[in-house]
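# Chain and residue survey
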Amino acid sequence: FRFTHWTLSAAGAALCVFIMFAISWYYAIIAMSFCSLIYVYAGMNSTGDWGDGLQSLKFNISKGMLYRMSQATHVKNFRLNLLAVLPGQLCDDVYADTTMDLPGSELLKLVTQLSVRSGVIWVISILAPGSALKTRKDLHMVEKLSQHRLLKRANAE
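All of these numbers come straight from a predicted model, not from anything done at the bench. (Residues numbered from 1 in each chain as written. Predicted model: local features only at pLDDT ≥ 70, side-chain atom pairs only at ≥ 80, totals over all residues. Heavy atoms only, no water.)

Okay, the overall build of the chain next. From N to C terminus, the chain includes five helices and two strands. Listed N to C, the secondary structure of the chain is α-α-α-β-α-β-α in terms of helices and strands. A total of 157 residues make up the chain; the buried ones form 10% of that total. A sequence separation of at least 24 residues applies to 72% of the contacts in the chain between residues at least 6 apart. A total accessible area of about 13,900 Å² is found for the chain, and carbon and sulfur atoms account for 66% of it. (Helix = DSSP H or I, 4+ residues; strand = E, 2+ residues; numbered from the N terminus. Buried < 20%, exposed > 50% of the residue type's maximum accessible area, 1.4 Å probe, protein only. Contact = heavy atoms within 4.5 Å. Areas by Shrake-Rupley, 256 points an atom, 1.4 Å probe, with all protein chains shown as cover.)

Next up on the list: helix α4 (residues 105–115). For α4, the set of buried residues is Ser105, Leu108, Val111 and Ser115. On an axial view of α4, the arc spanned by its buried residues comes to 115°, and they lie on one face. Exposed positions of α4 whose direction lies more than 90 degrees from the buried face are Glu106 and Gln113. Phi turns positive one or two residues past the end of α4, at Val116, with a value near 50°. (Arc of directions from axis to C-beta.)

Read these as spatial facts, not as claims about activity.
Written out as structure tokens, the structure reads:
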């Protein structure tokens, strides 16, 4: 945290020790000696590297996932995930009625039939090396085109 300083922490620790002695000096001495014994014992018996906390967390998470994989998944919870790779093209008219002439539209129809409205369909398009999006206007045009075509296709069904 950027607004803290080690002197503030040291002052808080000193205040805690002062309050401990103000409440009961006898129990404060017992508690301080017990903590000192634990500190000395841990310092003498440390065997080196204790490991990384994040690596231990990753291990425990992956172990839990592996245990859960052995549990049978019910058939009703299955969702088909499909990836459709279509050839990319840019056109000037965003609202052009070219949904049927779109390259790969037959593939989209097949993927839609396979998913039966219960799966996830990922549609990606790879543009040719010379047709890279050069401006934000091109990117905005492609987003508008894809949204318009998806809405039109959803309304048609």
